[in-house]
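# Breakdown of the fold
Residues per chain, in single letters:
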Amino acid sequence: MHDARASGHPVAGREIALLTNPTAGRGRGARHRDVALARLRESGFVVRNLQGRDADEAADLARGCVADGVEALVVCGGDGLVHLGAQAVAGSGIPLGVIPAGTGNDAARYLGLPRTDPAAAADRVVASRRRTIDLARSGDRYFVTVLAAGFDAIVNERANTMTWPRGQMRYNLATLAELRTFRPIPYVLRLDDETIEHEAMLVAVGNGPSFGGGLRITEGALLDDGLLDVVVITRMSKPKLVRSYPRLFTGRIDGVEEYVHRRVRSVTVAAPGIVSYADGERFGPLPITIECVPGALEVFA
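Residues numbered from 1 in each chain as written. Predicted model: local features only at pLDDT ≥ 70, side-chain atom pairs only at ≥ 80, totals over all residues. Heavy atoms only, no water.

Moving on: helix α8 (residues 238–248). Every buried residue belonging to α8 is among Lys-240, Leu-241, Ser-244, Tyr-245 and Leu-248, and all of these are buried. One face of α8 carries all of its buried residues, which in axial projection span an arc of 140°. Facing away from the buried surface of α8 by more than 90 degrees, the exposed residues are Pro-239, Arg-243 and Pro-246. The secondary structure elements touched by the buried residues of α8 are α6 (151–161), α7 (168–179), β9 (194–206) and β10 (228–234). (Buried < 20%, exposed > 50% of the residue type's maximum accessible area, 1.4 Å probe, protein only. Helix = DSSP H or I, 4+ residues; strand = E, 2+ residues; numbered from the N terminus. Arc of directions from axis to C-beta. Contact = heavy atoms within 4.5 Å.)

Structural data, given as structure tokens:
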């Protein structure tokens, strides 16, 4: 193995933190970390190899590394760990690197990162090409991908309680189960300076175009346009929802008259009894106000 320092390698001696969720992707997190860690150290990085016992400890570790001034925070896991990492580095100028190891990996999709090859993903960290993207913020919490606040959030709640099957099929089954009893939800939305009311199946607020492993609900959302994409699927018959549901997530939805798509700087979403999800994590009960924070996150892409 060549000595990176001897060749005057640009990363020699630079200290970065690698934070892993070892259980991500049914244990892929730990396997991908081992591959990425070896590649990063081989390249000359000084790597702090970290994992928390739980999300709170992982968040403390991430914040501690940022306070210490590491040159980058690299997360090895799924969108949940990207979410956690973004809280730690937002607005700091310290870049976030991603070694994808989750089930969804939408943030990695956005950034064009290899999703199944941790060594190749580590090479993106070594190359250290930066891109600046927006984040969505509510209070002091940020999200990177999409906030779900309706039928999709209810499906997420159910899917999270299921242990079988794996991957996308779990969401499909949770969807069918929830459809049986679902009633449209009365929403009040404040879109910048305009207030609208809808009986709707779901509301999604996207910083980027997809969630849940490539479900393109906010098709057309850009990561660096200073805007949030708000999608509302208004009241729809159950048979039509069943027929249209797959299309909601391919981005080919424009022909569906119940589909409302707006671009805004800020949005307030209010509806009774809904807990919102963002980046696949429980985010908080409605009502919730979300604003776009332009250029809040530096990423290796």
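Within β10, 7 of the 7 residues are buried, which leaves it mostly tucked inside the rest of the structure. Residues of β10 alternate between two faces, with Leu-228, Val-230, Val-232 and Thr-234 on one and Asp-229, Val-231 and Ile-233 on the opposite face, all of them buried. As defined by bridge partners, β9 adjoins β10 across 6 bridges and the pair is classed as antiparallel. Counterpart to Gly-206 in the pairing with β10 is Asp-229. Examined bridge by bridge, β10 and strand β11 (residues 259–264) share 6 bridges and lie antiparallel to one another. Residue pairing across strands places Asp-229 opposite Arg-263, the latter belonging to β11. (Pairing = 2+ DSSP bridges.)

Put simply, helix α1 (residues 24–42) and helix α5 (residues 118–127) touch, their axes get as near as 8 Å, and they point 40° apart. As the angle between them shows, α1 and α5 are arranged oblique. In the packing of α1 onto α5, the handedness of the crossing is right-handed. Counted together, His-32, Val-35, Ala-36, Arg-39 and Leu-40 of α1 and Pro-118, Ala-119, Ala-122, Asp-123, Val-125 and Val-126 of α5 form the full contact between these two elements. Looking at the contact of α1 with α5, its residues break down into 8 nonpolar, 1 polar and 2 charged. (Axes fitted to C-alpha atoms, helices over the stretch in contact; angles between N-to-C directions. Parallel < 35°, antiparallel > 145°, perpendicular 65-115°, else oblique. Left-handed = near helix turned anticlockwise from the far one by under 90°. Nonpolar A, V, L, I, M, F, W, Y, C, P; charged D, E, K, R; others polar.)

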